[in-house]
Amino acid sequence: INLFNQIFYFLVIFLLIFCFKANLKAHELWLEPQNFKFDNEKILKIDIKIGQNFEGSAFGYYNPLKKDLYLENSSEKTILEQRDGNFPAIQTLILDKGLHILNYETNSEKLKYETIEKFIEFLAEQNFQNFEDLIVKDKLPTESYKRFAKVLLTDGSEDFFVQKPKLDFEIIALNSPYDQKNNFFRFQLFKKTKPFGNWQIIVFSKDEENIFKENVKTNTNGVGKIKLFDNRIYLLSAVYIEKNSYFKKINKEADWSSEWASLVFRR
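Residues numbered from 1 in each chain as written. Predicted model: local features only at pLDDT ≥ 70, side-chain atom pairs only at ≥ 80, totals over all residues. Heavy atoms only, no water.

Student: Help me get a handle on the pattern of salt bridges, residues and values and all.
Tutor: Under the defined criterion, the tally for this structure stands at 16 salt bridges. When the shortest N-O distance is used, the salt bridge between Lys49 and Glu32 registers 3.6 Å. Separated by 17 residues along the polypeptide, Lys49 in strand S2 (residues 44-52) and Glu32 in strand S1 (residues 28-33) bring together distant segments of the chain. For the pair formed by Lys49 and Glu32, the shared burial category is buried. The partner of Lys192 in a salt bridge is Asp168, and the shortest N-O contact between them spans 4.0 Å. With Lys192 in the loop between strand S11 (184-191) and strand S12 (194-195) and Asp168 in the loop between strand S9 (142-153) and strand S10 (169-173), the pair connects residues that are 24 residues apart, well separated along the chain. You can call Asp168 partly exposed: its relative accessible area is 28%. When salt bridges with common partners are traced through the structure, they connect Glu32, Lys49 and Lys206 into a single cluster. (Salt bridge = Lys/Arg side-chain N within 4 Å of Asp/Glu carboxyl O. Helix = DSSP H or I, 4+ residues; strand = E, 2+ residues; numbered from the N terminus. Buried < 20%, exposed > 50% of the residue type's maximum accessible area, 1.4 Å probe, protein only.)

Student: For the packing of aromatic side chains, give the residues involved together with the corresponding values.
Tutor: A complete count under the given rule lists 19 aromatic pairs for this structure. On the basis of an interplanar angle of 85° and a centroid distance of 5.6 Å, the ring pair of Phe131 and Trp256 is categorised as edge-to-face. Here Trp256 lies in strand S17 (residues 256-266) and Phe131 lies in the loop between helix H2 (116-125) and S9, a separation of 125 residues in the sequence. Judged by relative accessible area, Trp256 falls into the buried class, the value being 2%. Here the aromatic residues Tyr113, Phe119, Phe122, Phe128, Phe131, Phe169, Phe196, Trp199, Tyr240, Trp256 and Trp260 are joined through ring pairs into a cluster of three or more. (Phe/Tyr/Trp six-rings, centres within 6.5 Å; stacked < 30°, edge-to-face > 60°.)

Student: How would you explain the nonpolar core if you had to name every residue and give the values?
Tutor: Among the nonpolar cores identified, the biggest contains 72 residues, and Leu102, Phe185 and Leu236 are the most heavily contacted of them. Per-element accounting of this core gives the leading share, eight residues, to strand S16 (residues 233-243). The residues touching Phe185, leaving out its near neighbours within four places in the chain, are Leu152, Ala173, Asn175, Pro177, Gly224, Lys225, Ile226, Leu228, Leu236, Leu263 and Phe265. (Core = buried A, V, L, I, M, F, W, Y, C linked by side-chain atoms within 4.5 Å. Contact = heavy atoms within 4.5 Å.)

Student: Describe in detail the environment of Ile201, supporting the description with residues and values.
Tutor: Residue position: Ile201 is located in strand S13 (residues 200-206). In this structure the C-alpha to C-alpha distance between Ile201 and Ile250, which are 49 residues apart in sequence, comes to 30 Å. Those residues within four positions of Ile201 in sequence are excluded, and the remaining contacts are Phe187, Leu189, Glu214, Asn215, Val216, Thr218, Leu236, Ser237 and Ala238.

Student: Run through the layout of surface pockets, naming residues and quoting values.
Tutor: Any empty space left between atoms is shown by rolling a water-sized probe over those atoms. What the second largest pocket holds in volume is close to 220 Å³. Around the second largest pocket, the lining is made up of 14 residues, and of these Lys248, Lys252, Ser257, Ser258 and Glu259 lie nearest the centre. Partitioned by chemical class, the residues of the lining of the second largest pocket number two nonpolar, four polar and eight charged. (1 Å grid on protein atoms, 1.4 Å probe; cavity = no way out; pocket = protein on both sides within 12 Å on 5 of 7 lines; lining within 4 Å. Points joined across faces, edges and corners; volume = space filled by probe spheres on them. Nonpolar A, V, L, I, M, F, W, Y, C, P; charged D, E, K, R; others polar.)

Student: I'd like to hear about the pairing of S2, residue by residue, with values.
Tutor: Of all the nine residues making up S2, seven are buried; the element is thus mostly covered by neighbouring parts of the structure. Sheet topology note: the S1/S2 ladder contains six bridges and is antiparallel. The residue bridging Leu31 from the neighbouring strand is Ile48, located in S2. Across three bridges, the pairing between S2 and strand S6 (residues 90-92) is antiparallel. Each bridged residue has a counterpart across the sheet, and for Ile46 the counterpart in S6 is Ile90. As paired strands, S2 and strand S3 (residues 55-59) are joined by five bridges and run antiparallel to one another. Bridge pairing links Ile48 to Phe59 in S3. Hairpin connection, S2 to S3: the antiparallel pair is bridged by two residues, and Asn53 has positive phi, about 55°. (Pairing = 2+ DSSP bridges.)

Structure (structure tokens):
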């Protein structure tokens, strides 16, 4: 039995690694619960999804990809431990009340683009065309990237708190999308715990039939807002990219570095 369990475990890990490697071309990672409203007596199950334009695949949990995973409410932070191969990836029981925010930070991953054109397409999609002159034309670009993903969870109350910035790159909610009095959702972008202004946020939302997309630019203090529509799931996505200096290139083993922040909730 032990041998069978070991073989099964290694097969699961192999499949997880293979699936993640197969999706390296899709940078976007987000957290999507099966239910955004939690029940203190039921296990809450959350998918880790990877894809593009709010369409993607759910993957099982693989601990080596994780740098940090924790649940936060207005009074405490709880580190979460998960089992490799969990599917859905994150499974936890929330015993407290009010708004909770699940935070997932990955370790750095590396990507080598198949063509220079693919990298140029990526830069254009994220409005980074000004970097095109820095591309070495006879060398396929390599990139080191990290993701910082969050999801807002509720017990149905109007309880709300504003997180204190602590991540390298993150989006923080400034009001609650679960409070029906709020027709707009306000948020703030931070880079190394400082407000990060004049930056593009891509906002995806979806109902049962359609996916919607809009670009929002934050003000000088990193604050932006969007109009809320009922019965939609929202994904806010921000990307930061830079050409690595000589020493950072050696350290990261990549020509470029990027950081991806996402925030998900349901109206």
